[in-house]
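Remarks on the overall topology
As a plain string of letters, each chain reads:
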Amino acid sequence: MSKLSNDLLSNALNAIAKHQDLIHEVYIKGRYIKNGSKTDRDAYELHQNRIFVADGRDSYRLSSFITKFFDEVTQKQRLFELLGDNAGAQANRIFQLLDEYAKAVFAGRIEEADHVSAQFHDACADLSDTFSSGISKLLNLAETNFAVVNSIDAKTRQNEHYLRQARRFSDALESLDRFGIEQQFEAGYCDFEPLEIPYNALISDRKAEWHTEISRLLHFFETYLYQLRSIAPDVKRFRQFANFLQQNPGYELPELEETHHRPLWLMRAAGISPVAYSDVRDVSAFEYLREIATQLPTRKDVVVRERASGRIERSTNKPTETLRLQPHHVALDRFAKAAFRSSTPLSALSWKREHFPDIGVPDEVWLLLVIHSRNSHRKEFSRLRYQNVERRGESQISRNLYVRDVMVHGS
Amino acid sequence: MFERVIFQLLEGEFICRVSHPDSFDFLCDEDNLRTVEDFLAKIGRRIVRTSKQSGFYLVFSAYGEQERAAIRSNYADIKNNLIPVISFFNLVIRVTGQEDILMYDTAIEADTLMGKIDQDISLRNELQSLGSRFKAISSDTSQRKLLDNIFKRLVNDGYLKLANPERAIYQVTSKIEYLLDVIKFIHETDETLKIGDEQPESESGSLI
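Not measured: the values here are computed from a predicted model. (Residues numbered from 1 in each chain as written. Chains lettered and ligands numbered in written order. Predicted model: local features only at pLDDT ≥ 70, side-chain atom pairs only at ≥ 80, totals over all residues.)

Quick look at the overall build of chain B
- Helix and strand counts for chain B come out as eight helices and six strands.
- Along the chain direction, N to C, the helices and strands of chain B fall in the order α-β-α-α-β-β-α-β-α-α-α-β-β-α.
- Counting the 208 residues in chain B, one finds 32% classified as buried.
- For chain B, contacts bridging at least 24 residues in sequence account for 48% of all contacts bridging at least 6. (Helix = DSSP H or I, 4+ residues; strand = E, 2+ residues; numbered from the N terminus. Buried ≥ 20, exposed ≤ 12 C-beta atoms within 10 Å, placed from the backbone. Contact = placed C-beta atoms within 7 Å.)

Dropping the structure here:
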């Protein structure tokens, strides 16, 4: 690159860095109008560096190249953009440069061949960039359903335009295939290596991807265009009817008459609510049931907490507990008192049979209660003396002792 | 899946890719569709597509006494609910400017809608009066709550599906095409309805 070119580039980059706020403002607002301030000088400097272009006598606009670059960066949608129009011409340029290169090589003009080769590389990069950025923008438009415009008519016109742009891309791709550059490289009638490398990297390797994306885009635009065109009369009718309803709020739909033609919507079976329970024994339903089970919300346990602070406890709310002695406890107490008062040892069994014959406690249990009462710390029992009436068991081996009665008396 | 689809149809659901994607895919298979059609034929019903082909719903295959009563009841239901629904969609079109709201699969962002309504007093009043047109929706509440209640009603009625609960994004189902069919019918049959002399553009023209 010559020194002059270097200086120009350096100046332009410096100007962009120095006046970035002004460039940003002009990109947003669309233009800069001179106002006699110091900023006019900055704008003039940008104009000298071809970043601003004159827009009438007293105003500047951002250069279209920079605007386009910023549009790319911000994915800004503009109306009726020319995205694929250049693709065909750029593809033709590649063919011409290829031809030019072959002629230069055959004529032995090496320097010229080198120059053409560099131009060919640039041409491939331009075409690759046109395809990539254009397809990216078209995909963005397709995803947002032309969000930059609102009405169905405007969307239809946008769709028609971008469908044409997508077809231009498709045609350019088709011409690349038809021209068969790869086949010419392979034929090897000339040393195409300097061209083959950039062509493969920038175009050939990406053609399959572009084909796929453009097919998707064409399908989308055609389908959406069909939908837009078919919905347009309905939308118009809808808006007319809605406006009519606004002007006539008391309007009621006509009664249904038997003579009316019955369209499909009128025959709609509006629905019943069938209830069915799945057979849990059916193994095939398991996955489906599990899917439902995982989607069921967990049961909420609602714990109602009453305010505790500042509350007066009411004793009346407490349940009344009544202590009640069991009959055998009463019998045991009375027996202890009787034994204490008795002048002779009192037979526990005889006393029970005499005073409490029907308390429902067998004699053996009664004797057990009496024997254990001697371990009680209560005063009524601790002052008594106990004498077991025992007999030895008949077994020679165990020699068990059997308590037949307990004689109790006061100490 | 067959059972699920049959039950959904019998319940009066509109099956489309937005409302019931699995069932819709099932019905898009010709063999499955034929099986469903055979079953429904035995109980006097048949499955049809909405006018723009985006969804399926159930219709009576005959017009007998029982069907007549059901159809009358259905029409009475439409009479009661159609006008508020139309008014709602018209409000959305006016607020967002997007006419494609009436297309199946379009998204409506409740937050954006509310933000725009908030900025315009006439739109706020319109929302308030719209709330009172829907039965069982109390308009005596905050604007946002009112809008949410209307959205909830339209989800229950099958016109919308809550696609993203966190961002409150709703999607229009294929039932919108049913609504447009009803309007078309009224437009064509009601003599008292004078919606201008201008007829909608020809529908028989080239679409592609």
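Read on for the rest.
Let's talk about the overall build of chain A
- Scanning chain A for helices and strands turns up 15 helices and six strands.
- Going through the 411 residues of chain A one by one, you find that 22% of them count as buried.
- Contacts spanning at least 24 positions in sequence make up 67% of the contacts within chain A whose residues lie at least 6 apart.

Some words on the pairing of strand β6 (residues 401-410) of chain A
Residue and element names in this part refer to chain A.
- Relative to β6, strand β4 (residues 346-347) runs antiparallel, the two sharing two bridges. Residue leucine 346 lies in a different strand from β6, and its bridge partner there is valine 408.
- Two strands pair when backbone bridges link them, and strand β5 (residues 384-392) and β6 are joined in this way by nine bridges, in the antiparallel orientation. Paired with leucine 384 across the two strands is glycine 410, which belongs to β6. (Pairing = 2+ DSSP bridges.)

Quick look at the pairing of strand β2 (residues 45-49) of chain B
All names here are of chain B.
- Of the strand pairs in this sheet, β2 and strand β3 (residues 55-60) are connected by five bridges, and their pairing is antiparallel. Bridging across to β3, arginine 45 finds its partner in phenylalanine 60.
- What sits between the antiparallel neighbours β2 and β3 is a turn of five residues, in which glutamine 53 has the positive phi angle 70 degrees.

A word on the environment of glutamate 364 of chain A
All names here are of chain A.
- Here glutamate 364 shows up in helix α14 (residues 363-373).
- For glutamate 364, a count of 10 C-beta atoms within 10 Å corresponds to the exposed category.
- The sequence separation of glutamate 364 and arginine 404 amounts to 40 residues, and the corresponding C-alpha distance is 8.6 Å.

Quick word on the packing of helix α13 (residues 348-355) of chain A against α14 of chain A
Residue and element names in this part refer to chain A.
- The interhelical angle for the contact between α13 and α14, taken along N-to-C directions, is 120 degrees, at an axis separation of 10 Å. The angle between the axes of α13 and α14 places the two elements in the oblique class. Judged by the twist between their axes, the crossing of α13 over α14 is right-handed. Two secondary-structure elements touch here, α13 through Ala348, Leu349 and Lys352 and α14 through Asp363, Trp366, Leu367 and Val370.
- Residues of the contact of α13 with α14, tallied by class, amount to five nonpolar, no polar and two charged. (Axes fitted to C-alpha atoms, helices over the stretch in contact; angles between N-to-C directions. Parallel < 35°, antiparallel > 145°, perpendicular 65-115°, else oblique. Left-handed = near helix turned anticlockwise from the far one by under 90°. Nonpolar A, V, L, I, M, F, W, Y, C, P; charged D, E, K, R; others polar.)

Some thoughts on the sheet that holds strand β5 (residues 160-164) of chain B
Residues and elements named next belong to chain B.
- The strand order across the open sheet formed by three strands is β4-β6-β5, and the pairing between neighbours is antiparallel. Edge strands, defined here as strands with exactly one partner in the open sheet, are β4 (107-109) and β5. Across the sheet, the axes of successive neighbouring strands diverge by a mean angle of 35 degrees, strand direction being ignored.
- The pairing of β5 with strand β6 (residues 169-172) spans four bridges and is antiparallel. Bridged to asparagine 164 within β6 is isoleucine 169.

Regarding the interface of chain A and chain B
- Each partner contributes to the interface: chain A provides 42 residues, whereas chain B provides 49 residues.
- Of all the secondary-structure elements, those providing two or more residues to the side of chain A that touches chain B are α7 (152-179) and α10 (207-247) of chain A.
- In terms of residue count, the dominant contributor to the side of chain A that touches chain B is α10 of chain A (19 residues).
- Residues belonging to the side of chain A that touches chain B are distributed by class as follows: 25 nonpolar, nine polar and eight charged.

Observations concerning unusual backbone geometry
Residues and elements named next belong to chain B.
- One non-glycine residue, glutamine 53, lies in the positive phi region at around 70 degrees.
- The residue glutamine 53 is located in the loop between β2 and β3 in this model.
- Of the residues examined, glutamine 53 has 13 C-beta atoms within 10 Å and is grouped as partly exposed.
- Within the chain, aspartate 105 stands out as a residue other than glycine whose phi angle is a positive 85 degrees.
- On the basis of neighbour counts, which here come to 18 C-beta atoms within 10 Å, the residue aspartate 105 falls in the partly exposed class.

Description of the confidence of the model for chain B
Residue and element names in this part refer to chain B.
- On average, chain B scores 82 in pLDDT, and the residues at 70 or more come to 90%.
- Of all helices and strands in chain B, the one with the weakest mean pLDDT is helix α6 (residues 121-133) (82), whereas β6 scores best (91).
- Predicted complex metrics record ipTM = 0.81 and pTM = 0.59. (pLDDT = per-residue confidence, 0-100.)

A closer look at the confidence of the model for chain A
- With 95% of its residues at a pLDDT of 70 or more, chain A shows a mean pLDDT of 83.
- Within chain A, the lowest mean pLDDT, 80, falls on helix α8 (residues 181-187) of chain A, and the highest, 92, falls on β4 of chain A.

Considerations on the sheet that holds β3 of chain B
- Taken in spatial order, the three strands make up an open sheet running β1-β3-β2 (chain B), and their pairing is antiparallel. Since the sheet does not close on itself, it has two edges, and those belong to β1 (15-16) and β2 of chain B, each with one partner.

Focus on the environment of asparagine 35 of chain A
Residue and element names in this part refer to chain A.
- Take asparagine 35: it is sitting in the loop between β1 (32-33) and α3 (39-48).
- The exposed category is assigned to asparagine 35, around which 10 C-beta atoms lie within 10 Å.
- With 23 residues separating them in the primary sequence, asparagine 35 and aspartate 58 have C-alpha atoms 8.5 Å apart.

So, the packing of α7 of chain A against α10 of chain A
Residue and element names in this part refer to chain A.
- Two numbers describe how α7 lies on α10: the axes approach to 9 Å, and their chain directions differ by 155 degrees. The pairing of α7 with α10 is recorded here as roughly antiparallel in orientation. Remark: the crossing between α7 and α10 carries left-handed chirality.
- The residue inventory of the contact of α7 with α10, partitioned by class, reads 18 nonpolar, four polar and five charged.

Topic: the nonpolar core
- Ile94, Phe120, Leu127 and Phe169 of chain A together with Val92 and Leu102 of chain B are the most contacted members of the largest nonpolar core, which has 91 residues in total.
- With 13 residues, α10 of chain A is the largest single contributor of residues to this core.
- Beyond its immediate stretch of four places on either side in the chain, phenylalanine 120 of chain A contacts Ile94, Leu97, Leu98, Tyr101, Leu195 and Pro198 of chain A.
- Counting residues in each nonpolar core, the second largest holds 14 residues, with Leu332, Leu346, Phe381 and Val406 of chain A among its members. (Core = buried A, V, L, I, M, F, W, Y, C linked by C-beta atoms within 7 Å.)

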